[in-house]
Amino acid sequence: MERTHNNGELRLSNVNTNVTLIGWVAKRRNLGSLVFIDLRDRTGIVQIVCDETLSQQIKDVRNEYILEVTGTVNERKDKNDKLLTGEIEVKALKINIINKAETTPIIIADDTDALEDTRLKYRYLDLRRPIMQQKLFERAHITRVMRRYLEDNGFIEVETPILTASTPEGARDFLVPSRVHPGSFYALPQSPQLFKQLLMVAGFERYYQVARCFRDEDLRADRQTDFTQVDIETSFLSEEQIQDLMEKMLAKVMKEVKGIDIKLPFIKLPYHEAMNRYGSDKPDIRFALELIDITDIFSDSSFAVFSSLDNSDKAIKALVIPNKAQATRKEVDHYTEYAKKYGAKGLVVLKYVNAQIEGSAVKFFTENQIEKLIKELKLKENDLILIVADKWENTCTVLGSLRNYFKEELQLCDPNEFAFLWVVDFPLLEFDASDNRYYAKHHPFTRPKAEDIALLDSDPSKVKACAYDMVLNGFELGGGSLRIYDQTLQAKMFKVLGFTEEQIKQRFGWFIEAFQYGTPPHGGVAFGLDRIAMILTHSDSLRDVIAFPKTASASCLLTNAPSIVDVKQLDELAIALKNK
RNA sequence: GGUCCAGUGGUGUAGUGGUUAACAUGCCUCCCUGUCACGGAGGAGAUCGCGAGUUCGAUCCUCGUCUGGACCGCCA
């Protein structure tokens, strides 16, 4: 087999040359003694013409047969502007059938009608579709640009173990039983976090890895159990220096992969402001529709919904939807249901029509409050006003979810706009009321802001972290932080998290021990490669940019994983299954 | 763990308490020299996801179950 050209690259300039092509039969159009064959390879499709002299050779040729075609490139009489090769065709002189194919269960074309489960079962056929190939090519391009950028900036790729130790705190681990040590388990890494920090202790200064990570949690359209992280760690750099390096990397990706120039530096939005204005720690800032705080207006309200709240942690906020005052009862109920799904107790719905605020809650408002409301919400005729009153964080997230809901309903975003930003100054800790303890919001090795360290003793909830997330169009692309490199501070952090000396020793002892031998100040970031590829290829699901993804119930329809194993295998691992 | 949606020829859909289960596409046979979603004629192909119940009778109604999807919880 000696192919001379790729199918998709033939143009008018190739006319009158002899070529040998290889590809799959995408379509056969038989006009009797004249037969057209669309021959597809990974570069595209070209039309092959076969006249009567070849009729015996191609008699049996059907879709998805693999052919080797030798012929002459001719200019077409009837051109096809839907094909890049549409100005030419190849007049076949010799056709060799390299392999036959059964009729495929799905149509191999961009607009296949197969549903996703069928596509996943026959993924190898689904991946023959040009659009799927294009997505995986684009994903590889993203990875390539990132790799080159990191290599050019002195980063070294180091591989870290897949079979490692279980680390508590965080997502559920996938466990792998040890045969050599019956009763003991490895865990698959949720991220190479601890290893990359040890590489900094080891003195590599700049590390990266295109790393497979595993989390045994339920899946979503934008979440898989195993996924790929571009994992990065640096020594001696500040938050700003790391962010600067990383946003330049993304700018390069956007330029080289999408041909788009994005503005540097990225906007930096403190967590608190992001929540207050957008109701999300990963806001889509392509559209405004910001939340407006009206807590002060109703500080002395007699309206039970507002007055029953705990003053130490409450927020009343409004979202104003233009031209939606005519929403039907059914629509309004739908918004309320939507808000409840995200934890709202209720939704106060008002309308601004004929320069008046209407709604069942209005009777609890004073003249003064109504006046202030009109002014502060900058109300215009036909505005719909949605108000949530709850604990600060709940109020924000509920309205933030509604904001995203209206983004879709009102189509407020240009899919070809890419709005990057950093969300910074995250809180270090989160208090969990049911466990009555603090949890690290990022992870227990995140460095607190220097000016907040004193607060670790007095008011841990107020401590901010040197942590940052890169956000694009409402998705978290990646997140990172500076890490604690001081043993005393790390000990204090563990204490705040409620660990005993013994627990620390047992869980993190090997890690902490490393820090006493000269640990550089370090910090890094990890990007969700799948998610970046999903957004840049305008895919609705991560599954579209992962070659062999899992379903929402974490199974693989192609291989039928996970599957039952032989009792003998279990015996070797000293595992007995519980009878159900 | 929860809420919601879907499951009918290979594929994608329609539909009905009693049908010869419809349509498109794909597949097979034949015709066709300028098609490119080729066209024309004919044909094969479905225990209506599975189980139980209601009923004289269930693909349709009820319950359960399985599978797929979206979301909430969860995802340091």
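Data block above holds the structure.
Note that the structure is predicted; figures quoted are calculated from it, not measured. (Residues numbered from 1 in each chain as written. Chains lettered and ligands numbered in written order. Predicted model: local features only at pLDDT ≥ 70, side-chain atom pairs only at ≥ 80, totals over all residues. Heavy atoms only, no water.)

**Points about the overall build of chain A**
A count of helices and strands for chain A gives 15 helices and 22 strands. Projecting the C-alpha coordinates of chain A onto the three principal axes gives extents of approximately 90 × 75 × 55 Å. Buried residues in chain A amount to 48% of all 580 residues. When contacts within chain A are restricted to residue pairs at least 6 apart in sequence, those whose partners lie at least 24 apart make up 68%. Accessible surface, chain A as shown: approximately 29900 Å² in total, 49% of it carbon and sulfur. Between the mean site of the 77 positive side-chain charges and the mean site of the 86 negative ones, chain A shows a separation of 3 Å. (Helix = DSSP H or I, 4+ residues; strand = E, 2+ residues; numbered from the N terminus. Buried < 20%, exposed > 50% of the residue type's maximum accessible area, 1.4 Å probe, protein only. Contact = heavy atoms within 4.5 Å. Areas by Shrake-Rupley, 256 points an atom, 1.4 Å probe, with all protein chains shown as cover. Lys, Arg positive; Asp, Glu negative; His and termini not counted. Charge placed at Lys NZ, Arg CZ, Asp CG, Glu CD.)

**A closer look at empty space enclosed by the protein**
Per the counting criterion, the structure on display carries one cavity of 30 Å³ or more. Here the largest cavity is characterised by a volume of approximately 30 Å³. What lines the largest cavity is simply Leu120, Arg123, Phe548, Pro549, Cys556, Leu557 and Leu558. Its residues placed into classes, the lining of the largest cavity shows six nonpolar, no polar and one charged. (1 Å grid on protein atoms, 1.4 Å probe; cavity = no way out; pocket = protein on both sides within 12 Å on 5 of 7 lines; lining within 4 Å. Points joined across faces, edges and corners; volume = space filled by probe spheres on them. Nonpolar A, V, L, I, M, F, W, Y, C, P; charged D, E, K, R; others polar.)

**Points about unusual backbone geometry**
Peptide bonds are mostly trans, and most non-glycine residues show a negative phi. A cis amide bond links Leu264 to the next residue, Pro265, at an omega of -10°. With respect to the element layout, Pro265 can be found in the loop between helix H5 (239–258) and strand S11 (267–270). With an omega of -5°, the peptide bond between Ala561 and Pro562 qualifies as cis. Mapped onto the elements, Pro562 comes out in the loop between helix H14 (529–536) and helix H15 (567–572). Of note in the backbone geometry, Asn323 takes a positive phi value of approximately 55° without being a glycine. With respect to the helices and strands, the residue Asn323 is situated in the loop between strand S13 (315–321) and helix H8 (329–341). With a phi angle near 60°, Ala355 is a residue other than glycine that sits in the positive phi range. Residue classification places Ala355 among the partly exposed positions, given a relative accessible area of 47%.

**Thoughts on the protein's contact with RNA strand B**
In the vicinity of RNA strand B there are 49 residues, among which Asn30, Arg62, Arg76, Glu89 and His442 approach most closely. Atoms of RNA strand B within 4 Å of the protein belong to the sugar or the phosphate in 57% of instances, the rest to bases. In this structure, a phosphate oxygen belonging to RNA strand B sits 3.0 Å away from a side-chain N or O atom of Lys27. The separation between a sugar or linking oxygen of RNA strand B and a polar main-chain atom of His443 is 3.4 Å. Those elements giving two or more residues to the surface near RNA strand B turn out to be strand S1 (18–30) and helix H1 (116–121). For the surface near RNA strand B, a count of residues per class yields 13 nonpolar, 16 polar and 20 charged. (Near = heavy atom within 4 Å. Polar contact = N/O pair within 3.5 Å; in protein donor to acceptor, adjacent residues only side chain to side chain.)

**Observations concerning the pairing of strand S10 (residues 226–235)**
Consecutive residues of a regular strand have side chains that alternate between opposite faces of the sheet. Among the 10 residues in S10, 10 count as buried, and that is most of the element. Side chains Asp226, Thr228, Val230, Ile232 and Thr234 project from S10 onto one buried face, and the interleaved Phe227, Gln229, Asp231, Glu233 and Ser235 project onto a second face that is buried too. With nine bridges joining them, strand S9 (residues 206–214) and S10 adopt antiparallel strand pairing. Looking at S10, one finds that Phe214 is bridged to Asp226. (Pairing = 2+ DSSP bridges.)

**A look at the packing of H8 against helix H10 (residues 392–409)**
Closest axis-to-axis distance for the H8/H10 pair is 9 Å, and the angle between their directions is 130°. Relative to H10, the element H8 lies oblique. Considering only the axes of H8 and H10, their crossing is right-handed. In this structure, H8 contributes His334, Tyr335, Tyr338 and Ala339 to the contact, and H10 contributes Val398, Ser401, Leu402, Tyr405, Phe406 and Glu409. (Axes fitted to C-alpha atoms, helices over the stretch in contact; angles between N-to-C directions. Parallel < 35°, antiparallel > 145°, perpendicular 65-115°, else oblique. Left-handed = near helix turned anticlockwise from the far one by under 90°.)

**Things to note about the side chain of Arg76**
Within the secondary structure layout, Arg76 lies in the loop between strand S4 (66–75) and strand S5 (88–99). It turns out Arg76 is buried and unbridged, and the closest side chain with the opposite charge, Glu89, is 4.3 Å from it. Within the local environment of Arg76, its side chain forms a polar contact with the backbone oxygen of Gly86, the two atoms lying 3.4 Å apart. For Arg76, the side chain forms a polar contact with the main-chain oxygen of Ile88, separated by 2.9 Å. (Salt bridge = Lys/Arg side-chain N within 4 Å of Asp/Glu carboxyl O.)

**Section: the nonpolar core**
Of all hydrophobic cores here, the largest spans 42 residues; its most connected members are Ile232, Met246, Phe420 and Phe527. Within the residue set of this core, elements represented by two or more residues are helix H3 (130–152), S10, H5, strand S17 (420–424), strand S20 (467–472), strand S21 (475–482), strand S22 (522–528) and H14. Looking at this core, the element that brings in the most residues is H5, giving nine residues. The residues touching Phe420, leaving out its near neighbours within four places in the chain, are Leu250, Met254, Ile262, Phe266, Ile267, Ile285, Met470, Val471, Leu472 and Leu477. Among the nonpolar cores identified, the runner-up in size contains 35 residues, and Tyr271, Val463, Phe494 and Phe499 belong to it. (Core = buried A, V, L, I, M, F, W, Y, C linked by side-chain atoms within 4.5 Å.)

**Here we look at the sheet that holds strand S16 (residues 383–390)**
Pairing within the open sheet is antiparallel, and its five strands lie in the order S12-S13-S16-S14-S15. Bordering the open sheet on either side are strand S12 (292–293) and strand S15 (356–358), each of which pairs with just one other strand. Relative to S13, S12 runs antiparallel, the two being bridged by two bridges. Each residue of the ladder has a partner; that of Ile292, found in S13, is Ala318. Relative to the sheet, H10 contacts S13 and S16, its axis offset from that of S13 by approximately 10°.

**Section: the packing of aromatic side chains**
Under the criterion given, the structure shown has 25 aromatic pairs. On the basis of an interplanar angle of 85° and a centroid distance of 5.6 Å, the ring pair of Phe445 and Phe508 is categorised as edge-to-face. One end of the pair, Phe445, is in the loop between strand S19 (437–440) and helix H11 (455–458); the other, Phe508, is in helix H13 (residues 501–514), with 63 residues separating them in the sequence. Its relative accessible area of 4% is what places Phe445 among the buried residues. Here the aromatic rings of Phe511 and Phe515 are separated by 4.9 Å at their centres, their planes lie at 55°, and the arrangement is tilted. The ring of Phe287 has Arg403 sitting right over it, with the charged end atom 3.9 Å from the ring centre. When the ring centre of Tyr439 is taken as origin, the NZ or CZ atom of Arg437, which lies over that ring, is 3.8 Å away. (Phe/Tyr/Trp six-rings, centres within 6.5 Å; stacked < 30°, edge-to-face > 60°. Lys NZ or Arg CZ within 6 Å of the ring centre and 35° of its normal.)

**Describing the side chain of Ser401**
Tracing the backbone through its elements, the reader meets Ser401 in helix H10. In terms of polar contacts, Ser401 uses its side chain to reach the backbone carbonyl oxygen of Thr397, at 2.7 Å. The contacts of Ser401, once residues within four sequence positions are left out, are Tyr338 and Tyr342.

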